[in-house]
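# A closer look at the structure
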Amino acid sequence: MIRQTIALFRYQLLGIINTRVIILLCLVFSVAFVGSQFIAELAILNSDDIALAALADFLRYSLVILLIISLSFQVSQDYESGQFERLLAMPLSRVQYVLAQFTVLLVLAFILIIPLFIIVLLLSDSTVALYWAVATFLELILVGQFALLAIVSLEKLPLSVIFTFAIYLLSKSASLIELALSRSTPFYDEEGSFQLILFIFSKISYVLPDSSYFAQNNIFFESVNYGGILSSQFVSVIIYSAFIQSVLLIDFYRKEFN
Amino acid sequence: MKMSIQHRNIRQVPVYFLWLFFIFFAGQVFYHHSYSESSGVAYKQLKAPLESGYYKAISFGSDKLLSFLLLMGVQLHDNQKGMHVSYRHLDYAVLSDWLLTIEKINPNSDYPAFLASRVYSHVDDKAKIRLMVDVIEKLFKKNPQKHWRRMTEACLLLKHQLNDLPAALKVAEQIADLPKGIKLPFWARDMKLVLLDELSQFESAQLLISSMLKSGEITDKDELRFLQARLLKIQQVLSKN
């Protein structure tokens, strides 16, 4: 079983990593570096910290976008080329396919954070670089699983990419929505529709990641307990990953390929 | 045989070419004149900031980075269409709101107070300097340990830029009255003596900057570089005098 999963994983991974992706990565890292140096030139104080934080955030979001598109594209190809039918005709269970995709996600996220770790290490110290690389890795794992769930469920590339970005942005902007709702409460408190929105949002927030699930950019400006925030993020991501994987498996096993 | 070229009389040029020349010349002058006027009018004032909570919410967790980027946006506001606009044209009431809002987003940063005392106070408008001193005082009241250095600079602004020694002494008193738990170098608590001394603007500034540099309180390399450059400039002015 393991040998088949590894073979599938290798096949899937080779489909994602190609020269174009490597060139794109080089381009993204170059733009991030030049942009951060430009920002450093503008700052009168704390220029190094600001440049590093801007570079780290730009790279984090760039890698998230790259990961979502790469993973979604790879699975969508399986749908379009009828690969699923062929795979399921082989002695390969659906859980092995999900496991192979998850391994692809782990390895791809690891490959993506290596240059991130190196560039942050060159501009900062090893503790900061290690924190940012691990925290971004965990964030990539989380978002990658959103992408896998979306593409397996929705099957179409544009739809699943939009859905994944929407969930990612919704998770990130939970505090903005909470603020907007709390400011609106005095005006619409007695309206039933507003109460319904409040109810729905409060329930949705239970199944959405909050800010502690993501890499904390503020560490570039203040001394923090890296171990503490990393372990909190790690536990959150593990629990949430288990939840997403269960949803993914249920949805995947319910699919009928004709 | 070498061909020679000589200029003919201008009357030889067809008259409609001359008309075209005058029309296009006038067009160019008119266009340039209108463009210069429009660029002057097009100076956009700073827009009032939103509440700090909104910026924190839209920062996606990178609120400290956003606070610095917002400050840079404010800093760059005096550069519009490739021209540097004098601080006199800035709306300092809105600028004060920006500095105070950004401080709320990132209370641990000294950057807004630094801009108020060292950048935006360099304007030949007393009301605007007074607004910057107010910003420094507000920030100092919120976090004296963080902003006492800016307060000492505010003392000099009040004395030398606004010629308001009583106000400068009141500000110096606020520094002197700080609880002993707040660590300050002795010269900061004795700002009154610096103010009452018959020192010129440059001599006071030289004394203040040298004391700051020697105190070891400044750790940011950008600020150290900034102050060293300032000190050198002041020393050059004093040596000329």
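Residues numbered from 1 in each chain as written. Chains lettered and ligands numbered in written order. Predicted model: local features only at pLDDT ≥ 70, side-chain atom pairs only at ≥ 80, totals over all residues.

Let's shift gears to the overall build of chain B. Looking only at helices and strands, one finds 12 helices and two strands in chain B. Since a compact globule built from 241 residues should have a radius of gyration of about 18 Å, the 26 Å found for chain B marks it as more spread out than a globular shape. In terms of overall dimensions, chain B has a C-alpha envelope of 95 × 55 × 40 Å along the principal axes. In chain B, which comprises 241 residues, the share counted as buried stands at 31%. Contacts in chain B between residues at least 24 apart in sequence constitute 61% of all its contacts with a sequence separation of at least 6. (Helix = DSSP H or I, 4+ residues; strand = E, 2+ residues; numbered from the N terminus. Rg over C-alpha atoms; globule rule 2.2 N^0.38 Å. Buried ≥ 20, exposed ≤ 12 C-beta atoms within 10 Å, placed from the backbone. Contact = placed C-beta atoms within 7 Å.)

Note: predicted coordinates in regions of low pLDDT should not be interpreted at a detailed level. Residues and elements named next belong to chain B. Of the residues in chain B, 94% have a pLDDT of 70 or more, and the chain-wide mean is 85. Confidence scores differ between elements of chain B, with helix α10 (residues 191-196) showing the lowest mean pLDDT of 75 and helix α4 (residues 92-105) the highest of 95. The ipTM, which scores confidence in the relative placement of chains, is 0.86 for this predicted complex, and the corresponding pTM is 0.80. (pLDDT = per-residue confidence, 0-100.)

Counting residues in each nonpolar core, the largest one holds 108 residues, and the members touching the most others are Leu67, Ala109, Leu140, Val143 and Leu148 of chain A together with Ile136 and Cys155 of chain B. Examining the composition of this core, we find that 18 residues originate from one element, helix α6 (residues 126-154) of chain A, more than from any other. (Core = buried A, V, L, I, M, F, W, Y, C linked by C-beta atoms within 7 Å.)

Counting residues at the interface gives 21 residues for chain A, matched by 22 residues for chain B. Broken down by secondary-structure element, the contributors of at least two residues to the side of chain A that touches chain B are α3 (47-80) and α8 (174-188) of chain A.

The backbone phi angle of Glu155 of chain A is positive, close to 70 degrees, even though this residue is not glycine. One can find Glu155 of chain A in the loop between α6 and α7 (157-172). You will see that Phe60 of chain B, though not glycine, has its phi angle at about 55 degrees, which is positive. Tracing the chain through its elements places Phe60 of chain B in the loop between α2 (52-58) and α3 (63-75).

Now for the confidence of the model for chain A. Mean pLDDT over chain A: 89, with 100% of residues reaching 70 or higher. Looking at the elements of chain A, mean pLDDT is at its lowest for helix α4 (residues 83-89) of chain A, recorded as 74, and at its highest for α6 of chain A, recorded as 95.

What follows is about the environment of Lys64 of chain B. You can see Lys64 of chain B is positioned in helix α3. Spatially, the C-alpha atom of Lys64 of chain B lies 5.6 Å from that of Asn106 of chain B, the residues being 42 residues apart in sequence. Ignoring sequence-local partners within four residues, the contact set of Lys64 of chain B consists of Asn218 and Phe221 of chain A together with Asn106 of chain B.

The next thing to look at is the packing of helix α5 (residues 94-123) of chain A against α6 of chain A. Residue and element names in this part refer to chain A. For the pair α5 and α6, interaxial distance at closest approach is 8 Å and the crossing angle is 150 degrees. Classed by the angle they form, the pair α5 and α6 counts as roughly antiparallel. Considering only the axes of α5 and α6, their crossing is right-handed. The residues of α6 that touch α5, namely those facing Gln101, Leu105, Leu106, Ala109, Phe110, Leu112, Ile113, Leu116, Phe117, Val120 and Leu121, are Ser126, Val128, Ala129, Trp132, Ala133, Thr136, Phe137, Leu140, Ile141, Gly144, Gln145 and Leu148. Of the residues assigned to the contact of α5 with α6, the class counts are 18 nonpolar, five polar and no charged. (Axes fitted to C-alpha atoms, helices over the stretch in contact; angles between N-to-C directions. Parallel < 35°, antiparallel > 145°, perpendicular 65-115°, else oblique. Left-handed = near helix turned anticlockwise from the far one by under 90°. Nonpolar A, V, L, I, M, F, W, Y, C, P; charged D, E, K, R; others polar.)

Residue position: Ala205 of chain B is located in helix α11 (residues 201-215). The spatial distance from the C-alpha of Ala205 of chain B to the C-alpha of Lys240 of chain B is 16 Å, given a sequence separation of 35 residues.

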